[in-house]
Amino acid sequence: MLTGYIALMITIILVGLSLYLLFKILPSISQNRYRPWKISLKRKDIMENLAIENNPPAKDDSYLHPFESGEVAKEYPAGNITVQYYVIVLLFVLFDIDMLLLLPWAFDFYSLGLFSFIETIIFIAMPLFAVYYAFRRGYMRWMR
Amino acid sequence: MSRYTVLNLGPVHPSIHGILRFRVKLNEEIIEDVDITIGFLHRNAEKICELNIYANNIIYFDRMDYLDAMNMELGYVTAVEKLTGIEAPERAQWIRMIMAELNRLAARLVGLGAFGLDMGMLTPFFHCFAEREKIQKIFVEASGGRQEVNYISIGGVYQDFNEKIINDIREFSKNFKKRLEDIYNMFIHSEIFWQRNDGIGILEPDVALDYGVTGPLLRGSGIAYDVRKDAPYLFYDKVNFDVPISHRKDNIGRFVLKIEEMRQSIRIIDQCLDKIPDGPYFNNKAKKSLMLRVKGDGEVFSRVESDNGEFGVYVRGDNTVKPYRVHVRSPAFKNISVVPVMARGLMIADLIVIIGSIDTVIGEIDR
Amino acid sequence: MNLLIRIHDWFSFLGPGVSYGIAYLLETIFILIFVGISFMALIYVFRKYMARIQLRIGPNRVGKYGLLQVVADAFKLIGKESILPANRDDLAYRLAPLIIMMTTMVSFVIIPYGSLAYFGSLTITHSDVTLVLLFGVLSLLPIGEILAGISTKSNYALLGALRGVAKDVSFEVPMLISALAIIMISSRSFITGAQTYNSLSLAGIVENQVIPYGIIDPLGLLIFYISMVARASFTPFDLAESDSELITGYTTEYSGMRFGLFYIGLFGMVYLGSFFVSILYLGAYNGPASSDLGFIYLFIKTIILVLIAFLAWVSLPRIRVDKFVNLGWKYLLPISIINLVYAGLFVLYIR
């Protein structure tokens with residue numbers, strides 16, 4: 001059974017290696033802000049560049065601040081997240097677990113037949129009612 | 001920890017037209033308040049105008065509403081002509097009218113394209129700019145400049161129209177009618193466009209009057225006020241055109257109104273091309289050598305209808321070769337000040353669309 | 001006698017496990033290279049296509065007809081410095097683009113590609129539950145987005161990440177329910193009318209698909225395609241990285257190749273999703289001589305779907321976030337449940 005996933009493992013290893021190459025070796029042989037442009041494969045240069053890539057010296061402080069449309073940020077986002085997003089994620093969790101339970105049913109759908117089909121419709125109607133409730137109570141209305 | 005999130009839109013932001021700062025106070029994603037900061041593009045143009053002779057100030061007006069340079073020049077030049085008593089010949093006035101309307105079209109096209117970009121629509125922008133390019137080719141032929149034209153001068157225009165320019169304009173106006181409908185259809189047949197704009201950015205007429213709003217924004221609220229019709233300058237009383245108004249008061253109304261005004265502009269250009277007489281294009285009293293000695297006395301206020309609304313220029317002379325004071329009533333400044341009223345209670349995406357619909361040019365606000 | 005079998009034979013002296021492993025390695029590398037090259041070609045086509053619609057010429061400087069433009073862009077992005085913001089959460093900041101990139105790349109390996117003449121089978125993940133696996137892998141995308149949003153203390157990134165997650169979350173439900181309908185239809189064989197036991201794997205679904213399910217279930221096709229375009233953040237639904245209000249959304253603080261990985265990941269999503277749609281609904285590699293040309297059929301179907309998504313990109317404005325979420329929950333969800341009922345009735349009675 002495990003042979004089916006060999007390809008996935010190979011991909012993860014290959015992509016992982018190539019990403020490592022992308023972020024470690026390629027930037028370390030090419031330019032960066034602190035050194036003149038050159039491609040060097042000498043071990044000393046690569047080590048130096050790697051150190052810079054991992055931990056760049058902060059020469060210009062404002063350069064490293066989060067972008068605030070040209071202003072210097074006075075405060076950072078304190079974590080006020082719109083309530084609507086919580087409602088959406090809650091509904092999603094509800095439906096996702098629902099779908100998880102329904103996958104085996106769909107797999108065996110034909111042999112289970114009509115009765116389980118009607119049961120499933122009732123089962124889906126329950127979270128659907130939750131969506132209806134959320135809309136009805138105005139939790140999904142963004143502008144009040 | 002405050003209840004509000006403060007989001008900074010600008011000065012360096014992709015969808016604010018120029019450098020202007022909107023400090024938006026957000027309650028969740030709903031706009032509670034908008035705080036506008038201007039002055040990032042202040043170039044002190046009004047004060048610099050006091051240091052030069054009258055004829056040299058025209059270039060500073062080019063750079064106010066840089067998209068609508070002809071109308072800016074026209075505002076200043078009509079004021080100075082009133083002050084100094086130099087009259088432009090008839091042919092020059094017709095030429096000025098054609099150029100003003102062409103530039104109004106060019107400015108509107110930029111506004112429309114940017115309006116599309118603000119909504120995430122890439123394609124109309126390029127189609128608008130392709131048309132604007134044709135107008136700019138005409139400007140290059142006439143004045144040598146593409147955007148900052150420096151074409152209208154005291155006592156006439158810089159160069160006479162030759163046959164090529166007139167043919168170009170005729171051809172442009174013939175093709176443009178169809179292209180304009182194409183651009184209009186790109187927007188109006190999109191369901192999402194209606195969703196984004198229907199009922200968004202409502203401006204009540206009394207609020208508009210309180211804030212001194214003019215131009216398409218005022219006419220979009222249902223008040224038919226157009227300087228070209230109400231206080232005609234040049235020969236706007238000798239051509240037929242309508243002043244469209246919209247009673248929808250929202251973005252859709254303003255959009256359709258702007259398109260309709262572009263159709264009217266084309267109508268004016270067509271009539272002007274038929275009526276343009278032969279004769280001198282320049283008043284000999286205003287030759288370059290004489291301009292050094294032109295003196296103005298008293299004070300005048302002249303106004304023209306620019307792309308954004310009523311553009312007024314106040315010039316005061318103290319009987320010297322330089323103006324004593326130049327002041328500009330800039331329409332975009334008044335228009336941008338209603339943004340907080342229009343955007344309150346809406347979402348951030350709506351604020352962007354409203355700014356795109358108002359279509360301000362920061363160079364004119366900051367001067 | 002195709003290439004894969006030959007390679008298997010050559011290395012058979014090493015034992016069956018090793019020779020299988022080598023064949024798998026070759027297949028995987030072939031698919032990754034193919035996906036990479038076709039993806040770059042797709043970006044080129046997209047840019048040319050967009051340029052033609054917008055009265056421009058498009059890339060035409062690098063290489064013949066600008067064909068190497070994408071390569072040049074990639075080298076430019078690699079050569080750029082990646083700025084690491086000062087107040088970042090380091091692990092989350094570095095992990096986010098990798099998650100997005102890895103998710104897309106791994107998903108491409110799960111897709112069954114049919115087979116190609118002289119090469120052999122291109123279906124490389126042989127599992128009974130590839131459909132579930134694909135959904136499972138794709139559900140990692142919001143994690144990458146939210147990590148990118150919260151790792152740097154930027155308002156734009158935070159809002160963009162929230163929108164991105166809302167987007168993924170609201171459209172995953174209609175997508176899953178439509179896929180459920182497909183599993184149901186696929187659970188009864190068309191020819192014999194007996195129950196099939198391979199409807200959870202993508203290859204099994206294609207095998208059962210005697211006539212394309214898009215004809216049986218057009219509503220599902222529509223819902224699935226819209227949800228797919230939405231999850232790929234294509235323009236009517238690109239509010240997570242909407243240029244006009246949030247600078248580029250959750251990728252605001254990224255630069256250089258890290259930004260490039262986000263771009264590849266999300267642009268790859270539409271490509272992947274088109275593969276997904278053409279497998280579930282359009283019969284994938286079925287067709288005349290499908291044992292030789294199956295891969296080409298799949299590819300053509302996918303490209304057509306991608307081009308439709310491109311057309312939507314260039315011509316539509318961006319939808320607002322509340323309308324967008326309502327589209328998912330208010331319209332697509334009830335319609336997809338109606339579609340589920342229809343699919344059940346179809347399997348039980350109509351077939």
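An unreviewed UniProt entry annotates chain C as NADH dehydrogenase of Acidiplasma aeolicum. According to the UniProt record, the Subcellular location (unreviewed entry) comment for chain C is "Membrane".

Going by what an unreviewed UniProt entry lists, chain B is known as NADH dehydrogenase and is assigned to Acidiplasma aeolicum.

**Q** Would you take a moment to explain the overall build of chain C for this structure?
**A** Broken down by element type, chain C carries 13 helices and 2 strands. Relative to the compact-globule value of 20 Å for 351 residues, chain C shows a C-alpha radius of gyration of 21 Å, a close match. Principal-axis analysis of the C-alpha atoms places the extent of chain C at approximately 60 × 55 × 45 Å. Going through the 351 residues of chain C one by one, you find that 56% of them count as buried. Across chain C, contacts joining residues at least 24 apart in sequence account for 74% of those joining residues at least 6 apart.

**Q** What am I meant to see in the confidence of the model for chain C here?
**A** Do not read the fine detail of predicted coordinates wherever pLDDT is low. All names here are of chain C. Across chain C, the average pLDDT comes to 83, with 99% of residues at or above 70. When pLDDT is averaged over each element of chain C, helix α10 (residues 218–231) comes out on top at 89 and strand β2 (residues 120–121) at the bottom at 75. For this predicted complex, the interface confidence reaches an ipTM of 0.83, while the overall pTM sits at 0.86.

**Q** I'm lost on the UniProt feature "transmembrane region" (unreviewed entry) in chain C in this one. Help?
**A** Residue and element names in this part refer to chain C. On the UniProt side, "transmembrane region" (unreviewed entry) is annotated at positions that read residues 20–46, 98–119, 131–150, 171–191, 211–230, 261–283, 295–316 and 328–350 here. Segment residues 98–119 splits into 59% helix and 9% strand. End C-alpha atoms: 31 Å apart. For residues 261–283, the end-to-end C-alpha separation is 31 Å, with 87% helix and 0% strand making up the annotated structure.

**Q** Sorry, what's going on with the UniProt feature "domain: NADH-quinone oxidoreductase subunit D" (unreviewed entry) in chain B here?
**A** Residues and elements named next belong to chain B. In the UniProt entry, the feature "domain: NADH-quinone oxidoreductase subunit D" (unreviewed entry) is given for residues 118–291 and 297–367. Between the C-alpha atoms that bound residues 118–291 there is a distance of 45 Å. The span itself is 57% helix and 2% strand. Along residues 297–367 the backbone is 38% helical and 38% strand, and the end-to-end C-alpha distance reaches 25 Å.

**Q** Please clarify how the interface of chain A and chain C should be interpreted in this entry.
**A** By convention, interface size is frequently given as the accessible area that disappears when the constituent parts associate. In this assembly, 52 residues from chain A lie in contact with 63 residues from chain C. Contributing elements (two or more residues each) for the side of chain A that touches chain C: α1 (6–29), α3 (83–107) and α4 (109–136) of chain A. Among the elements that make up the side of chain A that touches chain C, the one with the highest residue count is α1 of chain A (12 residues). Of the residues assigned to the side of chain A that touches chain C, the class counts are 42 nonpolar, 9 polar and 1 charged.

**Q** Just checking my understanding: could you explain the pairing of strand β2 (residues 21–27) of chain B for this structure?
**A** The side chains of a regular strand alternate, residue by residue, between the two faces of the sheet. Residues and elements named next belong to chain B. In the sheet, strand β1 (residues 5–9) pairs with β2 via 5 bridges, with the strands oriented antiparallel. Bridge pairing in β2 places L9 opposite F22. The sheet contact formed by β2 and strand β3 (residues 30–37) spans 7 bridges and is antiparallel. By the bridge assignment, R21 is partnered in β3 with T37. Between β2 and β3, which pair antiparallel one after the other, the connecting turn spans 2 residues, and E28 there sits at a positive phi close to 60°.

**Q** Explanation requested: the packing of helix α3 (residues 69–84) of chain B against helix α4 (residues 90–118) of chain B in the structure shown.
**A** Between two packed helices, what matters for the description is the angle formed by their axes and the separation of those axes. Residues and elements named next belong to chain B. Where α3 contacts α4, the axes come no closer than 7 Å and their chain directions differ by 135°. Relative to α4, the element α3 lies oblique. Between α3 and α4, the contacting residues are A69, M70, N71 and L74 on the first element and R96, M99, A100, N103 and R104 on the second. Broken down by class, the residue content of the contact of α3 with α4 amounts to 5 nonpolar, 2 polar and 2 charged.

**Q** Would you explain the domain arrangement of chain C in this entry?
**A** All names here are of chain C. As assigned here, chain C comprises domain 1 (1–79) and domain 2 (85–349). Taken residue by residue, the interface counts 19 residues in domain 1 and 18 residues in domain 2. Elements with a minimum of two residues in the side of domain 1 that touches domain 2: α1 (3–10), α2 (16–53) and α3 (69–79). A total of 12 residues in the side of domain 1 that touches domain 2 trace back to one element, the largest contributor, which is α2.

**Q** Looking at this structure, how should I read the sheet that holds β3 of chain B?
**A** In any sheet, the strands associate via hydrogen bonds between backbone groups, in a parallel or an antiparallel arrangement. Residues and elements named next belong to chain B. Here 3 strands make up an open sheet; going across it, the order is β1-β2-β3 and the pairing antiparallel. In this open sheet, the two edge strands, each paired with only one partner strand, are β1 and β3. Taking the axes of each pair of neighbouring strands and ignoring which way they run, one obtains an average angle of 20° across the sheet.

**Q** Explanation requested: unusual backbone geometry in the structure shown.
**A** Residues other than glycine predominantly adopt negative phi, and peptide bonds predominantly adopt the trans conformation. Residues and elements named next belong to chain B. Within the chain, N44 stands out as a residue other than glycine whose phi angle is a positive 65°. Note that N44 resides in the loop between β3 and α1 (45–49). Located in the positive-phi region is N150, a residue other than glycine, with phi close to 55°. Among the structural elements, N150 can be located in the loop between α5 (123–143) and β4 (152–153).

**Q** Which parts of the structure should I look at to understand the nonpolar core?
**A** Side chains of a nonpolar character, in soluble globular proteins, are inclined to be buried together. Residue and element names in this part refer to chain C. L180, V229 and L280 are the most contacted members of the largest nonpolar core, which totals 241 residues. Take this core: its biggest share by element is 21 residues, from helix α7 (residues 155–186). Split by domain, this core shows at least three residues from each of two domains, domain 1 (1–79) and domain 2 (85–349).

**Q** I tried to follow the sheet that holds strand β6 (residues 296–305) of chain B on my own but got confused; where do I start?
**A** Residue and element names in this part refer to chain B. Taken in spatial order, the 3 strands of this open sheet run β6-β7-β8, and their pairing is antiparallel. Strand pairing shows two members of the sheet lacking a second neighbour, β6 and β8 (323–329), which therefore form its edges. Taken pair by pair, the neighbouring strands of this sheet meet at an average axis angle of 10°, ignoring direction. Of the pairings in the sheet, the one linking strand β7 (residues 310–320) to β8 comprises 6 bridges and is antiparallel in character. Directly across from V315, in β8, lies its bridge partner V326.

**Q** I would appreciate a short explanation of the packing of α1 of chain C against α2 of chain C in the present structure.
**A** Residue and element names in this part refer to chain C. Viewed as axis vectors pointing N to C, α1 and α2 meet at an angle of 145°, and their least axial separation amounts to 8 Å. Our pair here, α1 against α2, has a crossing hand that is right-handed. Of the residues in α2, those in contact with L4, I7 and H8 of α1 are S19, I22, A23, L26 and E27. Looking at the contact of α1 with α2 residue by residue, the class counts come to 5 nonpolar, 2 polar and 1 charged.

**Q** Help me understand the pairing of β6 of chain B in this model?
**A** Residue and element names in this part refer to chain B. Bridge count between β6 and β7: 10 bridges; the pairing is antiparallel. Note that in β7 the partner of G298 across the bridge is G317. Where β6 folds back on β7, the antiparallel hairpin that results is connected by 4 residues, among which G309 adopts a positive phi of roughly 145°.

**Q** Hey, could you run me through the environment of F255 of chain B in this one?
**A** All names here are of chain B. Relative to the elements of secondary structure, F255 occurs in helix α11 (residues 251–275). Once the C-alpha coordinates of F255 and V328 are considered, the two residues, 73 residues apart in sequence, prove to be 27 Å apart. If near-sequence neighbours (up to four positions away) are discounted, F255 is found in contact with F187, N197 and S357.

Calculation notes
- Residues numbered from 1 in each chain as written.
- Chains lettered and ligands numbered in written order.
- Predicted model: local features only at pLDDT ≥ 70, side-chain atom pairs only at ≥ 80, totals over all residues.
- UniProt positions renumbered as here; feature names shortened; annotations may be inferred.
- Helix = DSSP H or I, 4+ residues; strand = E, 2+ residues; numbered from the N terminus.
- Rg over C-alpha atoms; globule rule 2.2 N^0.38 Å.
- Buried ≥ 20, exposed ≤ 12 C-beta atoms within 10 Å, placed from the backbone.
- Contact = placed C-beta atoms within 7 Å.
- pLDDT = per-residue confidence, 0-100.
- Nonpolar A, V, L, I, M, F, W, Y, C, P; charged D, E, K, R; others polar.
- Pairing = 2+ DSSP bridges.
- Axes fitted to C-alpha atoms, helices over the stretch in contact; angles between N-to-C directions.
- Parallel < 35°, antiparallel > 145°, perpendicular 65-115°, else oblique.
- Domains from an automatic or database assignment.
- Core = buried A, V, L, I, M, F, W, Y, C linked by C-beta atoms within 7 Å.
- Left-handed = near helix turned anticlockwise from the far one by under 90°.

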